[in-house]
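# Notes for the structure review
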Amino acid sequence: MVYRPTVRYHDVFRKYVDDLNKMTSLDRNQIIRAALFTAAFSPLFHQLMKPYFYDQEEGVDVTLPQPKWSLREAKYWLEQNAEIYGQNAVKDVPTPDLQPQGEGRRIEVKNEGGINLSLPGF
């Protein structure tokens, strides 16, 4: 089953998707699917959605739904229909090993002996 929504968005988003399309081998649909695919695992997306999650019938806050896919299942964003994954040209595209990343902070630790330790990504 394939869901085909009509997406309407501001020109700044169209320009961004167009720029990504030109810079990668991905089509516009793959780019939008990749954004949806990763949003479910993004703390920033969860933070953005939280104020809008409210059960009107019960009158209480609710938690966001859990995705039915894992970050290792790139077939869901690479293909329009995940069941045909690997049956066409994108089968040679490597599936990146995606793991949720922090905010990209950099922590530097220095000791009295002059040794510097830099931990990228923390």
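Refer to the structure presented above.
Residues numbered from 1 in each chain as written. Predicted model: local features only at pLDDT ≥ 70, side-chain atom pairs only at ≥ 80, totals over all residues. Heavy atoms only, no water.

### Digging into the overall build of the protein chain
In terms of helices and strands, the protein chain carries four helices and four strands. For the protein chain, the succession of helices and strands along the chain, N to C, is α-α-α-β-β-α-β-β. Taken across its 122 residues, the protein chain has 16% of its residues classed as buried. Accessible surface computed for the protein chain: about 10,500 Å², of which carbon and sulfur atoms make up 56%. (Helix = DSSP H or I, 4+ residues; strand = E, 2+ residues; numbered from the N terminus. Buried < 20%, exposed > 50% of the residue type's maximum accessible area, 1.4 Å probe, protein only. Areas by Shrake-Rupley, 256 points an atom, 1.4 Å probe, with all protein chains shown as cover.)

### Some thoughts on the nonpolar core
Among the nonpolar cores identified, the biggest contains six residues, and these are Ala-34, Phe-37, Leu-71, Ala-74, Trp-77 and Leu-78. Breaking this core down by element, the ones donating at least two residues are α2 (28-39) and α4 (75-78). (Core = buried A, V, L, I, M, F, W, Y, C linked by side-chain atoms within 4.5 Å.)

### Quick notes on the packing of aromatic side chains
The final tally for this structure, using the stated rule, is two aromatic pairs. Note on Tyr-9 and Phe-13: the rings are 6.4 Å apart at their centroids and 85° apart in plane angle, and the pair reads as edge-to-face. When the ring of Phe-37 is compared with that of Trp-69, the centres are 6.1 Å apart and the planes differ by 20°; the resulting orientation is stacked. Of this pair, Phe-37 sits in helix α2 while Trp-69 is found in the loop between β2 (60-61) and α4, placing the two residues 32 residues apart along the sequence. Note on Phe-37: relative accessible area 3%, which makes it buried. Taking the relative accessible area as the measure of exposure, Trp-69 reaches 26% and is therefore partly exposed. (Phe/Tyr/Trp six-rings, centres within 6.5 Å; stacked < 30°, edge-to-face > 60°.)

### Remarks on the pattern of salt bridges
Applying the stated criterion across every chain yields a total of four salt bridges. When the shortest N-O distance is used, the salt bridge between Asp-11 and Arg-14 registers 3.6 Å. In this pair, Asp-11 and Arg-14 are both assigned in helix α1 (residues 11-23), three residues apart and thus about one turn of the helix distant. Here Lys-15 makes a salt bridge to Asp-19, at a shortest N to O gap of 3.0 Å. Taken together, the residues Lys-15 and Asp-19, both in helix α1 and four residues apart, mark about one turn of the helix. Residues joined by salt bridges that share partners form a network here, namely Asp-11, Arg-14, Asp-18 and Arg-28. (Salt bridge = Lys/Arg side-chain N within 4 Å of Asp/Glu carboxyl O.)

### Some remarks on the layout of surface pockets
Considered as a void within the structure, the largest pocket measures approximately 810 Å³ in volume. Lining the largest pocket we find 22 residues, and of these Tyr-3, Arg-33, Leu-36, Tyr-76 and Gln-80 sit closest to its centre. Contributing elements (two or more residues each) for the lining of the largest pocket: α2 and α4. At six residues, α2 tops the list of elements feeding residues into the lining of the largest pocket. Residue classes in the lining of the largest pocket are distributed as twelve nonpolar, four polar and six charged. The volume enclosed by the second largest pocket comes to roughly 590 Å³. Lining the second largest pocket we find 20 residues, and of these Ile-31, Ile-32, Ala-34, Ala-35 and Leu-36 sit closest to its centre. Among the secondary structure elements, those contributing two or more residues to the lining of the second largest pocket are α1 and α2. For the lining of the second largest pocket, the element with the highest residue contribution is α2, accounting for eight residues. (1 Å grid on protein atoms, 1.4 Å probe; cavity = no way out; pocket = protein on both sides within 12 Å on 5 of 7 lines; lining within 4 Å. Points joined across faces, edges and corners; volume = space filled by probe spheres on them. Nonpolar A, V, L, I, M, F, W, Y, C, P; charged D, E, K, R; others polar.)

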